[in-house]
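Report on the structure
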Amino acid sequence: MLFNFRTFLLFVFLLPFTFSSVFGQGVLVNEGKVPVQLPRTVILPPSHPRIPRPRPVPRIIHEPAESSYAIKSLEVNTNINGQIADVNVSQTFVNTGKTQMEVSFVFPLPYDGAINSMTLLVNGKEYNAKLLGAKEARKTYEDIVRRNQDPALLEWIGNGMFKTSVFPIPAGESRIVNLKYTQLLKVDGGLTDFIFPMSTAKYTAKPIEKLEISINVETPDEIKNIYSPTHEIKVKRPTSKKAVVLYETKEIVPSSDFRLFFDSGKNEVSTRLLSFRPDSKEDGYFMLLASPKFSAANQKQVAKNILLVLDSSGSMSGQKIIQARDALKFVLNNLRTEDTFNIIQYNNNATKFKEEIQPATKELISEASSYTESIRAAGGTNIGDALKTSLSMIQDKKTPNYVLFLTDGCPTVGEQNELKLTEIANSSNKNSARIFVFGVGYDVNARLLDRIARANHGQTEYVKPNENIEDRVSRMYNRINSPILTDVTFKFTPKESEKQNYGTNRVYPNGKFDLFVGEQLVIVGRYSQAGNVTINVDGKVGDKTKTFSFDGNFIDKSNDQSLAFISRLWAIRRIGEILDQIDLNGQNKELVDELVSLSTTYGILTPYTSFLADENVSLTDGPSNTARALSNTEDLKVATGGFGIEQRQGKLDFQSALSLDAFALKNSGNMNKIESEKVATKRAVPLDHSSLSHDLRNNRPVQNAAPSTAPNIAAKPLEKPVTANPELSVQNVNNRAFFQKSGVWVDSTLTESQMKPENIITVKQFSNEYFSLIAKYKNELAPYLTLGGTQIVNVNGQAYKIEP
C-alpha cells in the first residue's frame, strides 16, 4: 500500500505536537512476557539535497513482526451541551503480527476527576477498566516503559489512566473497540476547551484508512467563537445555539491531538483572549478570537458595493474567459437588493458596463449578465487604466467597497512599471476600497499583485493552471458577502487599577479589517507586560462607529504547555510577514537572521531555510546559516512564472495560517511545488539574481524589483556533500524542535557552549538514573524522551545525552 506523502511532511511539522491533557483514545499495550514496543509507521522519504521532490512515492516499511497492530479506522461522535461532553469512540484494531496478542487497552486522562466512569466494549463484549489516579498511574506508565523498552508512554506521565483487563487478538484478526464516557470540559479565558487525543493513534503499523470526528455543540446562549488550532474543520450552524463540527481524512498517521475551543454569549460581537508566556522575562504570546453575532438567512444585511474588474486581453481566450464570465455571473446572481455594483473589462483600455455604480435590481442584474456574456478576449493588458477607471467610480466612503480584480498577465499596455502601478492603485483609491486580486495562471507578476492587495487592505488569490476561476472567485465572494463591521480595530488598555503599558507588538493580521457574517477571526501577537486588560473593539456600520468592550488577561508565566500552540501559530505568521517584507522591500540581514532563528527554534522549514534539516548543517553556526538563507531568498526576485507564483502562494499560506495541521499539509505541498518550479525554471531560463527580477514568459526583466540592503556574507562550506536523512529529520515535541544530526536528535534550544562534550551529561536509556531524571523534572523532560534513540535535550540549561 502506498502512503500519501502529505503524512510525511505532517510528521515533520507536528510529531508529536501533543498537549498535557489527553484522554479517551488509547493504545494497546502488550501484556506478554516478551518485550514489545508500540508499532510505528516507518516512512522513508525520497532522497533530495534540500527537500523531497514533487510527486514522491515514499515507502512504508512493514517489517514482519511477532507482535504488532494497525488501526484501521477511528470514528468519534461527541455531543457537547454546555460544559458536558458525551463521547463515543469506535476504533478498529488489526493484529498485523505473526502471533496472537495478549493486550490491555490503556488510555490517559486529562486530569483527576475529569472522567469518573467509562464503558468499553471489544466486539460487543464489555471489559472492566480500572481507574488509576496520577500518582498510581505514574508507576504503571514506568512499568510499561521498562518492560517493553519503549519510551512512547512517557508523554503521559503525570496523567491518570483507565486500564482494562487483558483480552486476546489472534494473528490476522481485527477487534472493534467501542468506548463511551462523559467528561466535564475545562473553561479557559471564557472558552470551553475540548481535546480528543488522536496523537495516540500514531502508534500504528499502517496509516489509518478512515478517520472521522463529528461534534454536536449546543449552548444555552448563542454560540460565538468556534475554532480549532490543530485541524481544519468544517462548521455548520443550523441555529444560533447549535453547531456541527466535522473533520474527516483518510490514509493518515495522526500526530497531534484534536482540539476545539468555543464560547457563547449575547453580545453582537464576541472576543476571547488567550495568552501563553513560558518565560516571564520574555515577551508573551496572545491569541484573540473574534466572531460576530449569528445571522439567519432572512435577516437584513449591511449594504455593500462590489466592482468586478475583468482582464479581457487576448491571453484570456478559451476556457479562462468562459470561467471568468461564469465567475462574474455568480457574483451578480448573489448580490443583495441593498447592494450596488458595476463591471469594468479591460484590454488595451478599460470599458465600463455603466458610467456609474448601479443598484442591484433584477432588471440591472439581468442586463449585466447579458453584458458579461458578450465579453470576448482580445488585445493587450492595461492594468493601470483598469485601476484608475474602477477606483475613481467609488464616491461613497460610508458603504463597504470591494473590488474583485482579475488578471492573467503582466501589464503590456500603458504603465508597466511595478512601483508606479502600485502608486496608481494607492492614489486612485480615495475611499478605502479593499482590493481582492485574482492572478490567473503563471504569467502574472505575482509581486505586483501582492503589492496592490497589501497596500489596499485586500488579499491575493492565485488561480493555478487547471484550477477553476469561478470556484475561487465564488469562495472569496461568499466570504465577503455579508459584512457586519468595517474598519475594525482592537485596542488593549489596562484596568483602571493598573498603570502598566501592555506594549502589544508584531500583531497579525495588523491594520484595519472587516468582520463578516460566519467568519472566525484569529489574531496573534506578542505582549510585554502581564495583567488584566480591557479589549476595546471599534468598527463601523455605515458611517456610525460602534465600540464593544471585553475583559481579558495577559498571563505573567504559564504553568504548562497547554496553550503553546499560540506561540507556534504566531511564529508561522511572523515568518510570512518576514518573507513578505523581503519580497516587497528587498533583502535585509536582520530579517533574514530572524527568519533563520524562527525556523530553528520552532522547526518550521521554508524553501529558504530547508538546509537546516541537513545533517551536515550546524544549528549553532548563525553566520553561515544566515548566509545560506540570504542566498536562498534571492529566489524571491523571480516574480512571474510557476516559480514566482508558487513562492507567493507559499508566503500567503504562512500569513493566513489558522490551524497547525492544515498549515503543515499546505506547507509541505508548497515546498515541493516551489522546488519543482525552480528546477524547471533553471532548465528554461538561467536565473538572474541581480536587482532586476524576471518575466519568465517573455524572458525579460521586470522593472523595479526592490534592491537588497543585506551585506554580502559567505556561507561556511559544508564539510561533506549535502545529504538527506533516510528518516524524518525534524520533529516537534511540546513546541520544541529536534533536528537529527548524524543519527542524534538535537534540541534546537541548545547553545554552542551547552553542546560542548565536557558540558553534556550522558544517561543510559531505561536505567535507574534515566527514571530518576524523569521523576525529578517530570513534564519538563518526559515528553521529549518519546523520540527514542540517541538524543541531546536541554533541561533548565543543562544538556543531557540519552543513549540506548
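Structure: see above.
Summarised in this report is the structure supplied together with it. Model, not experiment: these values are computed from the prediction.

Here is what the cut-offs are and how they apply
Residues numbered from 1 in each chain as written. Predicted model: local features only at pLDDT ≥ 70, side-chain atom pairs only at ≥ 80, totals over all residues. Heavy atoms only, no water. Helix = DSSP H or I, 4+ residues; strand = E, 2+ residues; numbered from the N terminus. Buried < 20%, exposed > 50% of the residue type's maximum accessible area, 1.4 Å probe, protein only. Contact = heavy atoms within 4.5 Å. Areas by Shrake-Rupley, 256 points an atom, 1.4 Å probe, with all protein chains shown as cover. Phe/Tyr/Trp six-rings, centres within 6.5 Å; stacked < 30°, edge-to-face > 60°. Lys NZ or Arg CZ within 6 Å of the ring centre and 35° of its normal. Expected span 1.5 Å × (residues − 1). Polar contact = N/O pair within 3.5 Å; in protein donor to acceptor, adjacent residues only side chain to side chain. Axes fitted to C-alpha atoms, helices over the stretch in contact; angles between N-to-C directions. Parallel < 35°, antiparallel > 145°, perpendicular 65-115°, else oblique. Left-handed = near helix turned anticlockwise from the far one by under 90°. Nonpolar A, V, L, I, M, F, W, Y, C, P; charged D, E, K, R; others polar. Salt bridge = Lys/Arg side-chain N within 4 Å of Asp/Glu carboxyl O. Pairing = 2+ DSSP bridges.

A few words now on the overall build of the protein. Looking only at helices and strands, the protein features 14 helices and 42 strands. Taken over 804 residues, the protein has a buried fraction of 58%. Sequence separation of at least 24 residues holds for 76% of the intrachain contacts in the protein that already meet a minimum separation of 6. Total accessible area computed for the protein in this model is approximately 31,600 Å², and 48% of it derives from carbon and sulfur atoms.

Our focus in this paragraph is the packing of aromatic side chains. Inspection of the entire model under this criterion finds 21 aromatic pairs. An aromatic cluster is defined as three or more aromatic residues linked by ring pairs; in this entry it consists of Phe286, Phe492, Tyr527 and Phe554. Looking at Arg526, its charged tip hangs above the ring of Trp570, at a distance of 4.8 Å from the centre. Across the ring face of Tyr784, the terminal group of Arg736 is positioned such that the distance to the ring centre comes to 4.4 Å.

Relative to the 16 Å expected for twelve residues at 1.5 Å per residue, helix H8 (residues 469-480) spans 17 Å between its end C-alpha atoms, a close match to the ideal helical length. Of all the positions in H8, only Ile469, Arg472, Val473, Ser474, Met476, Tyr477 and Ile480 are classed as buried. You can read the cap of H8 off the contacts: a side-chain oxygen lies 2.9 Å from the backbone nitrogen of Glu470, and it is on Asn468.

All right, on to the environment of Val679 then. Tracing the backbone through its elements, the reader meets Val679 in helix H13 (residues 660-684). Sequence-wise, Val679 and Phe643 are 36 residues apart; in three dimensions their C-alpha atoms are separated by 8.8 Å.

Here Tyr508 and Pro509 are connected by a cis peptide whose omega angle stands at 0 degrees. You can see Pro509 is positioned in the loop between strand E30 (505-508) and strand E31 (513-516). Unusually for a residue other than glycine, Ser742 sits at a positive phi of about 55 degrees. Along the chain, Ser742 turns up in the loop between strand E38 (736-741) and strand E39 (744-747). Here Ser742 falls in the exposed class, since its relative accessible area comes to 58%. For Asn796, which is not glycine, the phi torsion reads 55 degrees and is therefore positive. For Asn796, the position within the fold is in the loop between strand E41 (791-795) and strand E42 (798-803). By relative accessible area, which is 62% here, Asn796 ends up exposed.

At a minimum axis distance of 7 Å, the contact between helix H9 (residues 565-585) and helix H12 (residues 641-655) shows a crossing angle of 140 degrees. As far as their axial angle goes, H12 and H9 are oblique. Viewed along their axes, H9 and H12 form a crossing whose handedness is left-handed. Note on element contacts: H12 touches H9 through Arg648, Lys651, Phe654 and Gln655, opposite Ile572, Arg573, Ile575, Gly576, Glu577, Leu579, Asp580 and Asp583. Tallied by class, the residues present in the contact of H9 with H12 amount to four nonpolar, two polar and six charged.

Here the structure, examined in full by the defined rule, presents 40 salt bridges. Of the charged contacts, one joins Arg138 and Glu142 as a salt bridge, the two residues approaching to 3.9 Å between their closest N and O atoms. Residue Arg138 and its partner Glu142 are both found in helix H2 (residues 134-148); the two are separated by four residues, about one turn of the helix. When the shortest N-O distance is used, the salt bridge between Lys801 and Glu803 registers 3.4 Å. Overall, the relative accessible area of 30% leaves Glu803 in the partly exposed class. A cluster of three or more residues bridged by salt bridges with shared partners is formed by Glu418, Arg447, Asp450, Arg451, Arg454, Glu577, Asp580, Asp583, Arg648 and Lys651.

To continue, consider the packing of H9 against helix H10 (residues 589-602). With their axes 10 Å apart at the nearest point, H9 and H10 run at an angle of 150 degrees to one another. With respect to H10, the axis of H9 lies roughly antiparallel. Judged by the twist between their axes, the crossing of H9 over H10 is left-handed. Listed contacts from H10 to Ser567, Arg568, Trp570, Ala571, Arg574, Ile575, Ile578, Leu579, Gln581 and Ile582 of H9 are Leu591, Val592, Glu594, Leu595, Leu598, Ser599 and Tyr602. Taken together, the residues of the contact of H9 with H10 break down into eleven nonpolar, three polar and three charged.

With that out of the way, let us pick up the sheet that holds E42. As summarised here, the arrangement of the six strands in space is E37-E38-E39-E41-E42-E40, forming an open sheet in which the pairing is mixed. Looking at the sheet topology across the chains shown, the edges are occupied by strand E37 (730-733) and strand E40 (760-764). The average undirected angle you get between the axes of adjacent strands in this sheet is 30 degrees. Bridge analysis of E40 against E42 gives five bridges, and the strand direction is parallel. Its bridge partner being in E42, Val763 is matched across the sheet by Ile802. Across the sheet, H10 touches E37 and E38, and the angle it forms with E38 is around 90 degrees.

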